[in-house]
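Structure assessment
These are the residues of each chain, in order.
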Amino acid sequence: MAFHEVRFPTNLSFGSVGGPERRTEVVALSNGHEERNTPWAESRRRYDAGVSLRSLDDIGELIAFFEARQGQLYGFRWKDWADYKSCAASATPSFDDQLIGTGDGVRRDYQLIKTYRSGNETQARVIRKPVKGTVRIGLQGDEQQEGVHFTVDWTTGIVTFATPPAVDERVTAGYEFDVPVRFDTDRIQVSVASFQAGDVPQVPVVEVRL
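The structure displayed is predicted, hence computed values, not measured ones.

Okay, the overall build of the protein chain next. Scanning the protein chain from N- to C-terminus turns up three helices and 17 strands. The dimensions of the protein chain, computed from C-alpha atoms along their principal axes, are 65 × 55 × 35 Å. When burial is assessed residue by residue, the protein chain has 40% of its 210 residues classed as buried. Contacts in the protein chain between residues far apart in sequence, at least 24 positions, make up 73% of those at least 6 positions apart.

Structure representation (structure tokens):
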């Protein structure tokens, strides 16, 4: 899949609206009950970057980024300001934020994941676009050193250990991450007069599966 490892300007994504969406199929039965099912294992995120534009310079920056991605053709990184850490929004990522696996003495590669919890229910999300310099890894409660004990592929979110974690050792991680997205349109329509009057263009952005 065509993807540029570049982040959408954070000054433009800040103030955007959006978040996760699900696809649920609801069938109403003749007895008044209903059946619900979903073809999606994970949610998909959508955003509108247009609402965060505050000046004509912002529009110029947006158009330059749009042209460089050739509209919908190339994906890119997006910072979701409401959900971009392995921990709470007000906290700093720690090496023991998320359990990403358990050692078996053989496996060296571990995918970064983030687990969402509510009551007894959990939902795991694969993290494929960690932010460089933010990933911290723990092994059985001890923080590991990047470049010595492990390396990170910033394009896939895979952590590779120099030595396989021993059997039953807990592998944990903390990090910041981006969402892989693309523009959901091949056209941006801007009216300077309307913009100055408070009318902002719609710039839909949608998460891509990698």
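Moving on to the packing of aromatic side chains. Under the definition given, this model contains 13 aromatic pairs. Between Phe8 and Phe183, the aromatic rings sit 6.4 Å apart at their centres with planes inclined by 75°, giving edge-to-face as the arrangement. On the criterion of sequence distance, the pair formed by Phe8 in the loop between β1 (3-7) and α1 (10-13) and Phe183 in strand β16 (residues 179-183) is long-range, its members being 175 residues apart. The pair formed by Phe8 and Phe183 is uniform in burial state, with each residue classed as buried. An aromatic cluster is defined as three or more aromatic residues linked by ring pairs; in this entry it consists of Phe8, Tyr47, Phe65, Phe66, Phe76, Trp78 and Phe183. One residue, Arg209, lies across the ring of Trp40, its end atom 5.6 Å from the ring centre.

What follows covers the sheet that holds strand β15 (residues 170-174). Taken in spatial order, the four strands line up as β7-β15-β11-β12 in an open sheet, and their pairing is antiparallel. Among the strands making up the open sheet, the edge pair consists of β7 (98-102) and β12 (142-143). Of the pairings in the sheet, the one linking β7 to β15 comprises four bridges and is antiparallel in character. Within the sheet, the bridge partner assigned to Gly101 lies in β15 and is Val171.

Scoring rules and cut-offs
- Residues numbered from 1 in each chain as written.
- Predicted model: local features only at pLDDT ≥ 70, side-chain atom pairs only at ≥ 80, totals over all residues.
- Heavy atoms only, no water.
- Helix = DSSP H or I, 4+ residues; strand = E, 2+ residues; numbered from the N terminus.
- Buried < 20%, exposed > 50% of the residue type's maximum accessible area, 1.4 Å probe, protein only.
- Contact = heavy atoms within 4.5 Å.
- Phe/Tyr/Trp six-rings, centres within 6.5 Å; stacked < 30°, edge-to-face > 60°.
- Lys NZ or Arg CZ within 6 Å of the ring centre and 35° of its normal.
- Pairing = 2+ DSSP bridges.

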